[in-house]
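Commentary on secondary and tertiary structure
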Amino acid sequence: MRIKCPVCGERPLEEYAYRGDAKVQRPRTHAPDQANAWHDYVYLRDNPKGRQKEHWRHSGGCGAWLVVDRDTYTHEIFSVRLTKAARRRAK
Amino acid sequence: MFSSLLHQVKKFQWPLNQLSLINPNAIVRCVRQDKCGDRRFMKYSALNLLRQAMGGHKDWPRAWRDPEPKDAYDVIIVGGGGHGLATAYYLAKNHGIRNVAVVEKGWLGGGNVGRNTTIVRSNYLLPEELPFYEWSLKLWEGLSQDLNFNVMFSQRGVLNLVHSDAEVDAAVRRGNAMIMHGADAEFLSRDECVKMVPGIDDKNSRFPVYGGLLQPRAGNARHDAVAWGYARGADGYGVDLLQNCEVTGITRDRQGRVVGIETTRGKIRANKVGLAAAGHSGHVAAMAGLRLPIESHKLQAFVTEGLKPLVDTVVTFGHGHFYLSQSDKGGLVFGASLDGYNSYAQRGNLPTVEATIEAAMHLMPSIGRVRLLRHWAGVMDMSMDGSPFICKTPIDGLYLNAGWCYGGFKATPASGWCFAHTIANDEPHAYNAHYTLDRFARGYAVDTKGVGAQPNLH
Ligand SMILES: Cc1cc2nc3c(=O)[nH]c(=O)nc-3n(C[C@H](O)[C@H](O)[C@H](O)COP(=O)(O)OP(=O)(O)OC[C@H]3O[C@@H](n4cnc5c(N)ncnc54)[C@H](O)[C@@H]3O)c2cc1C
Ligand SMILES: [Zn+2]
């Protein structure tokens, strides 16, 4: 598996760090009624056998956070883009 | 050994057709009547070996049946790996629940139970885990006798090397925790480690060996035999082992209670369904709308060409997850870290191969010229705190056995034993009481390694 960083081009796996499912959303507040939302965000995962959007960081390269659309069964990569935050910074 | 053989011979009930010695066809009917009921199979014993030898070994009965699925069972276990088969065995043996099916999408033992590096140990630290793993080790110690199947459990010891003062302290603390829970542990000096494993590099200046924590009762076993032994044992009690039968759905009634499963071999009813699908736990639980605190990752293992006896224990390198043992065929067996990203592919990537070999060279440079024969990967159910689940679920009638990470082989006997207890009594045994799904919400994570909710780091 090799990942094509939008900044640096196709690079080997050793240069990347993995964070996991990019779908889970951090709750906006710490209000007590958000406890379940926090639990789900920190601990629960869909863990699909198939396509998943996930966060990777090109830690051994440009350092950008990426969203990689990848099949967890075939390892096929459909798209790689910078996260919103990384795009904002690039502007 | 000899006395136990005699013991088995004594327990053997001579069949009426003793003449089977001269009539090989009659041997098949020679079944053992177990004390606790009608457990039927031909016992593996020196005597039966002799009888079969005289008949040219043509009349060994098959080790388990290949039945058609019935319409309904009392309990269905999803997954014919070590844990599923052990659960069925103990449901029948300990709780008298024999109307049970184990449903396996492939063949028995084709999952992780047949892919692991077979290390069995109870050198844990936390009070939530030590009693469980020590109970498992105790069950291992009697397993071949219990199953009447040689699982080749070899208590050759597991030696965890440490490489700094801080690691010495941590290892001694762990050893003391083990001893306090009735397990065995010894701290070995550097010289004792080098004496025990002559090949280790004691002059490594980057990772010098400071000593090691040894658990003498730990060791390894033959993985296939564990699956086959439990399969044969469960079948002997009447459990149906349904192979090539993939679960595709979990059926629930209006109240949400589980009432059965859908499979590639048709619908099967049961009011209790236990999931033991290891790496596919999340996939199977999703059929009941359940999201789990689990990610599936892959783990690789390696075996080299056969060598003369070199290492007679299991030795682990403290920097980078790496361990080594020698199989009975002579190959060195290596285990390593996860590849690090979610995956259901049972094949690994090369960076991990490289990292593993680097660790091997740090530990034992003398094996540098040995050739690797094979390497493979299995899909791990990595939980958010590195600890398993053996519990009820929020869904009535659905039970979960999952989250074994890369340490579930050693747990096989206790996992099946505790899961059977939980399914039969609708409540956990003290050994698995902490392994619940709601422990994160309640603030009781069992964080073995202290790395938090990042499964690829456990
Ligand atoms: C490379 C490697 C090394 C390891 N080393 C060790 C070690 O040294 N010590 C140790 O203690 N542990 C080790 N482990 C971990 C251990 O192997 C697992 O934790 C354990 O085997 C998991 O339980 P199991 O045996 O029930 O799993 P499995 O054998 O994987 O059983 C699960 C079964 O469920 C079936 N299944 C899945 N989905 C479905 C479905 N929809 N319908 C029907 N059936 C289904 C699968 O086909 C499979 O047979 C290692 C694992 C790997 C991969
Ligand atoms: Zn980059």
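Residues numbered from 1 in each chain as written. Chains lettered and ligands numbered in written order. Predicted model: local features only at pLDDT ≥ 70, side-chain atom pairs only at ≥ 80, totals over all residues. Heavy atoms only, no water.

Some remarks on the coordination of the zinc ion (ligand 2)
Metal coordination angles in their ideal form are 109.5 degrees for the four-donor tetrahedron and 90 or 180 degrees for the six-donor octahedron. Residues and elements named next belong to chain A. Cut-off, in case you're wondering: Donor criterion used throughout: N, O or S atom within 2.8 Å of the metal, extended to 3.2 Å for Na, K and Ca. Water excluded; incomplete-looking sites may result. In short, tetrahedral needs four donors with all angles between 85 and 135 degrees, square planar needs four and octahedral six donors with opposite donors over 155 degrees apart and all other angles between 65 and 115, and whatever is left is irregular. Secondary structure elements follow DSSP: runs of H or I no shorter than four residues count as helices, runs of E no shorter than two count as strands, and numbering proceeds from the N terminus.
Surrounding the zinc ion (ligand 2) are the protein donor atoms Cys 5 (SG), Cys 8 (SG), His 58 (ND1) and Cys 62 (SG), at 2.0 to 2.4 Å. Around the zinc ion (ligand 2), the four donor atoms sit at angles spanning 104 to 120°, and that spread fits a shape best called tetrahedral. The sequence pattern describing where the donors of the zinc ion (ligand 2) fall on their chain is C-x2-C-x49-H-x3-C. You can see Cys 8 sitting in the loop between β1 (2-5) and β2 (9-12) and its partner His 58 sitting in the loop between β4 (51-57) and β5 (65-71), a full 50 residues away along the chain.

What about the sheet that holds strand β3 (residues 17-21) of chain A?
All names here are of chain A. As a reminder of what qualifies: Strand pairing is assigned whenever DSSP detects at least two bridges linking the two strands. Every axis in this analysis is a line fitted to C-alpha atoms, fitted for helices over the stretch in contact. Angles between the N-to-C directions lie between 0 and 180 degrees.
Pairing is antiparallel across the open sheet formed by four strands, whose spatial order is β3-β4-β5-β6. Edge positions in the open sheet fall to β3 and β6 (77-82), since each of these has one partner strand only. On average, adjacent strands in this sheet sit at an angle of 25° to one another, irrespective of strand direction. Taken together, the five bridges between β5 and β6 define a ladder with antiparallel strand orientation. By the bridge assignment, Val 68 is partnered in β6 with Val 80.

A few points about the pattern of salt bridges
Residue and element names in this part refer to chain B. Formally: Definition used for salt bridges: Asp or Glu carboxyl oxygen within 4 Å of a side-chain nitrogen of Lys or Arg. Between buried and exposed lies partly exposed: a residue is buried under 20% and exposed over 50% of the maximum accessible area for its type, with that area taken using a 1.4 Å probe on protein chains only.
What the rule picks out here adds up to 27 salt bridges over all chains. As a salt-bridge pair, Glu 68 and Arg 265 come within 3.5 Å of each other at their nearest N and O atoms. You can see Glu 68 sitting in the loop between α2 (46-54) and β1 (75-78) and its partner Arg 265 sitting in the loop between β10 (258-263) and β11 (266-269), a full 197 residues away along the chain. With relative accessibility at 29%, the residue Arg 265 sits in the partly exposed group. Across the pair Glu 141 and Arg 217 runs a salt bridge whose closest N-O atoms are separated by 2.9 Å. With Glu 141 in helix α4 (residues 130-141) and Arg 217 in the loop between β6 (211-215) and β7 (219-220), the pair connects residues that are 76 residues apart, well separated along the chain. With relative accessibility at 19%, the residue Arg 217 sits in the buried group.

Here's the deal with the site of ligand 1
Residues and elements named next belong to chain B. The condition is simple: Throughout, the term near means that a residue has one or more heavy atoms lying within 4 Å of the molecule or strand in question. Nitrogen and oxygen atoms within 3.5 Å of one another constitute a polar contact, given that in protein one can donate a hydrogen and the other can accept it, and given that sequence-neighbouring residues count only through two side-chain atoms. Accessibility throughout is a Shrake-Rupley quantity obtained with a 1.4 Å probe, and a residue counts as covered only by protein chains that appear here. Classification convention: Asp, Glu, Lys, Arg as charged; Ala, Val, Leu, Ile, Met, Phe, Trp, Tyr, Cys, Pro as nonpolar; all other residues, Gly among them, as polar.
Inspection of the region around ligand 1 gives 37 residues, with Glu 104, Asn 112, Thr 117, Tyr 406 and Lys 410 positioned closest. Interatomic distance of 2.9 Å between a backbone N/O atom of Gly 82 and an oxygen atom of ligand 1. Within the backbone of Gly 407, a nitrogen or oxygen atom sits 3.1 Å from an oxygen atom of ligand 1. In the complex, 97% of the free accessible area of ligand 1, which totals 1000 Å², lies under the protein chains. Within the residue set of the shell around ligand 1, elements represented by two or more residues are α3 (82-95), β13 (294-306), β17 (372-383) and α11 (408-425). Considered class by class, the residues forming the shell around ligand 1 number 17 nonpolar, 15 polar and five charged.

A closer look at the interface of chain B and chain A
Threshold: Whether two residues are in contact is decided by their heavy atoms: any pair within 4.5 Å suffices. Two parts placed together each lose some accessible area under a 1.4 Å probe, and the buried area is that loss summed for both.
Contacts between the two partners involve 28 residues from chain B, matched on the other side by 22 residues from chain A. Surface buried jointly by chain B and chain A totals about 2200 Å² across both partners, of which 50% is contributed by carbon and sulfur atoms. Among the residues chain B hides against chain A, the three largest losses belong to Arg 291, Tyr 341 and Tyr 344 of chain B. Together they make up 31% of the total. For the pair chain B and chain A, the number of links is two salt bridges. The salt bridge involving Asp 46 of chain A is made with Arg 291 of chain B; its shortest N-O contact spans 2.7 Å. Here chain B and chain A share 11 residue pairs in polar contact (both at pLDDT 80 or more) between them. At the level of secondary structure, the elements contributing two or more residues to the side of chain B that touches chain A comprise α9 (281-285), β13, β16 (331-342), α10 (350-363) and α12 (439-442) of chain B. Its residues assigned to classes, the side of chain B that touches chain A shows 11 nonpolar, 11 polar and six charged.

Overview of the side chain of Gln 326 of chain B
Residues and elements named next belong to chain B. Positionally, Gln 326 belongs in strand β15 (residues 322-326). Judged by its relative accessible area of 6%, Gln 326 falls in the buried class. Within the local environment of Gln 326, its side chain forms a polar contact with the backbone nitrogen of Val 311, the two atoms lying 3.1 Å apart. Dropping the residues within four chain positions of it, Gln 326 is found in contact with Arg 156, Leu 307, Lys 308, Pro 309, Leu 310, Val 311, Gly 331 and Leu 332.

So, the pairing of β15 of chain B
Residue and element names in this part refer to chain B. Counting buried residues along β15, five of its five residues qualify, which places the element largely inside the surrounding structure. The alternating pattern of β15 places Phe 322, Leu 324 and Gln 326 and Tyr 323 and Ser 325 on opposite faces, both of which are buried. Here strand β14 (residues 314-317) hands over to β15 after four residues, with Gly 320 in that stretch at a positive phi of 75°. Linking β15 back to β16 in an antiparallel pair, the connection comprises four residues, with Gly 330 at a positive phi of about 105°.

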